[in-house]
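Here's the letter readout for the chains.
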Amino acid sequence: MYNLNDKIVFITGGAIGIGAIAVKLFLEEGAKHVTITDVNVNAGKQLEKELETKFKGRVKFIKCDVRNDAELFDIYKTIIDDHGFIDVVINNAGILNDSSAIYRTALNININALITSTLKARDLMRTDRSGRGGIIMNISSAAALMQNRFLPVYFATKSAVLQFSICIGAQENYEKTGVKVMTMCYGATDTSLLSKEKIKPFDEELTDELCDFIKTFPLQSANSAATGLIDACKRGDSGSIWLVNNNKPVEDITPVVKKAYGLLTDLVV
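Now for a description of the structure that goes with this document. Fair warning: this is a prediction, and the values are worked out from it, not measured in the lab.

The next point concerns the pairing of strand β5 (residues 134–139). Of all six residues that make up β5, six are buried, and the element is covered over most of its length. Here β5 shows two buried faces, one formed by Gly134, Ile136 and Asn138 and the other by Ile135, Met137 and Ile139. The pairing of strand β4 (residues 88–91) with β5 spans four bridges and is parallel. Note that in β5 the partner of valine 89 across the bridge is isoleucine 136. Between β4 and its parallel partner β5, the chain crosses via helix α4 (residues 103–125), and the hand of that crossover is right-handed. With six bridges joining them, β5 and strand β6 (residues 179–186) adopt parallel strand pairing. Across the sheet, glycine 134 pairs through a bridge with valine 179, a residue of β6.

Structure, rendered in C-alpha cells:
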C-alpha cells in the first residue's frame with residue numbers, strides 16, 4: 001500500500017467534479033500539499049478558499065490551460081521550488097466534445113497535454129535522476145473499453161490514454177525510474193461533463209440520440225469515483241488499469257485488459 005501521508009500532490013482539471021472531490025480526499029489522507037490547476041478560475045479559487053479553512057497552507061490553486069506547455073511547466077517548477085519534489089500527479093483535465101469546432105481542442109487536452117504532463121512529471125520524479133519516485137495516474141474512461149458511434153473522438157482519446165499509460169508504465173520502466181504510471185477508467189459519473197451543454201457528438205443531428213444513450217447508464221456519484229481514485233493510488237502497481245463504475249468499489253481490471261490485448265497481439269506475432 002502506497003502511503004499518501006505527507007506527499008506532494010498535483011491535480012490538473014481539479015476545480016470541479018471528481019477532481020475537486022479528489023483534492024479534498026488527498027488532503028484528508030494526509031497529503032502535505034495539493035496543487036490544483038484548471039481554466040475555471042472562479043471554481044478553483046472558491047475550492048481553495050473552502051479547503052483553506054480546514055487545511056490551512058496545504059492547498060493552492062493556479063490557473064493553467066494544460067495545452068500551454070509554458071504554463072504547465074511553470075507550475076511544475078513552482079511545485080519543485082516550493083517543496084523540493086513531487087510525489088503524485090493526477091492528469092485529470094479532459095473534455096467531452098466531438099463537435100467540428102472543438103474536437104481539435106479535445107485532442108490537445110485529452111491526449112497531447114496528458115502525455116506532455118506525464119513525461120514532465122516522470123522526468124522530475126525519477127529516482128535515477130533527482131527525484132524520489134512516485135505515482136502518475138492518468139484519467140481514461142470506460143470509453144476506452146468499448147465503442148460508440150456518437151463520440152468517436154472522445155472514445156479515441158481515452159483509448160490513447162489507456163495504451164500510452166500501459167506502455168510507459170511497463171514494469172521495466174518502473175524499475176529504472178521508481179515512477180509508477182497507472183490508468184483510471186471512470187464509468188458514467190454524475191458531473192457536468194455529461195450535461196447537454198458540454199457533451200457534444202461529432203454530428204449535431206445525433207444530439208438527441210446521444211442524450212438518450214447516456215440515460216441508459218446508471219450514473220455513479222463523483223464521490224464514489226474520487227474514492228476509487230484514492231484507493232487505486234494506494235494499491236496499484238505500475239501499468240495497472242482500474243475501473244470504478246456504478247458506485248461499486250474500484251476494481252483492478254489489469255488481467256482482463258491484458259488478456260484482451262493478448263488476443264489482438266496473437267494476430268500479429
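This model, assessed by the stated rule, comprises four aromatic pairs. Note on phenylalanine 10 and tyrosine 76: the rings are 5.1 Å apart at their centroids and 85° apart in plane angle, and the pair reads as edge-to-face. Within this pair, whereas phenylalanine 10 is found in strand β1 (residues 8–12), its partner tyrosine 76 is found in helix α3 (residues 69–83), the two being separated by 66 residues in sequence. Across this residue pair, the class does not change: phenylalanine 10 and tyrosine 76 are buried. Centroid distance phenylalanine 150 to phenylalanine 213: 5.6 Å. Interplanar angle 50°. Geometry classified as tilted. Note that phenylalanine 150 is positioned in the loop between β5 and α5 (152–168) and phenylalanine 213 in helix α7 (residues 207–214), a separation of 63 residues in sequence. According to the relative accessible area criterion, phenylalanine 213 is partly exposed, its value standing at 24%. Pairwise contacts between aromatic rings join Phe150, Phe213 and Phe217 into one cluster. Taking the ring centre of phenylalanine 85 as reference, the NZ or CZ of arginine 132 above it sits at 3.4 Å.

Overall, the coordinates contain nine salt bridges when judged by the stated rule. When the shortest N-O distance is used, the salt bridge between arginine 67 and aspartate 65 registers 2.7 Å. Assessed through its relative accessible area of 40%, arginine 67 is described here as partly exposed. Note that arginine 149 and glutamate 209 form a salt bridge whose closest N and O atoms lie 2.5 Å from each other. Linking arginine 149 in the loop between β5 and α5 with glutamate 209 in helix α7, this pair joins segments that are 60 residues apart in sequence.

This part is about the side chain of aspartate 65. Within the secondary structure layout, aspartate 65 lies in the loop between β3 (59–63) and α3. When its relative accessible area of 18% is taken as the criterion, aspartate 65 is described as buried. In terms of polar contacts, aspartate 65 uses its side chain to reach the side chain of arginine 67, at 2.7 Å. When near neighbours in sequence (up to four residues on either side) are disregarded, aspartate 65 contacts Val39 and Glu71.

Our next topic: helix α1 (residues 17–28). Given a rise of 1.5 Å per residue, twelve residues ought to cover 16 Å, and the 17 Å separating the end C-alpha atoms of α1 matches this to within 8%. When we look at burial in α1, the residues that qualify are Ile18, Gly19, Ala20, Ala22, Val23, Leu25, Phe26 and Leu27. Positive backbone phi, at 100°, marks glycine 30, one or two positions downstream of α1.

This paragraph deals with the nonpolar core. Of all hydrophobic cores here, the largest spans 37 residues; its most connected members are Phe26, Val34, Ile90, Met137 and Met184. Methionine 137 has contacts with Val89, Ile90, Asn91, Met182, Thr183, Met184, Leu229, Ala232 and Cys233, leaving out every residue within four places of it along the chain. One finds Ile8, Leu72, Tyr76 and Met125 within the second-largest nonpolar core, a separate group that totals 23 residues.

Okay, the pairing of strand β7 (residues 241–244) next. Along β7, one buried face is formed by Ile241 and Leu243 and the opposite face, lined by Trp242 and Val244, is buried too. In this structure, β6 lies alongside β7, joined through four bridges in parallel fashion. Looking across to β7, one finds that tyrosine 186 is bridged to valine 244. Sheet topology places β7 next to strand β8 (residues 251–252); two bridges connect them, and they run antiparallel. Opposite tryptophan 242, over in β8, you have aspartate 252 as the bridge partner. Hairpin remark: β7 followed by β8, antiparallel, with six residues in the connecting loop; positive phi at asparagine 246, about 55°.

Reading the values: rules and limits
Residues numbered from 1 in each chain as written. Predicted model: local features only at pLDDT ≥ 70, side-chain atom pairs only at ≥ 80, totals over all residues. Heavy atoms only, no water. Buried < 20%, exposed > 50% of the residue type's maximum accessible area, 1.4 Å probe, protein only. Helix = DSSP H or I, 4+ residues; strand = E, 2+ residues; numbered from the N terminus. Pairing = 2+ DSSP bridges. Right-handed = clockwise from strand over helix to strand, strands pointing away. Phe/Tyr/Trp six-rings, centres within 6.5 Å; stacked < 30°, edge-to-face > 60°. Lys NZ or Arg CZ within 6 Å of the ring centre and 35° of its normal. Salt bridge = Lys/Arg side-chain N within 4 Å of Asp/Glu carboxyl O. Polar contact = N/O pair within 3.5 Å; in protein donor to acceptor, adjacent residues only side chain to side chain. Contact = heavy atoms within 4.5 Å. Expected span 1.5 Å × (residues − 1). Core = buried A, V, L, I, M, F, W, Y, C linked by side-chain atoms within 4.5 Å.

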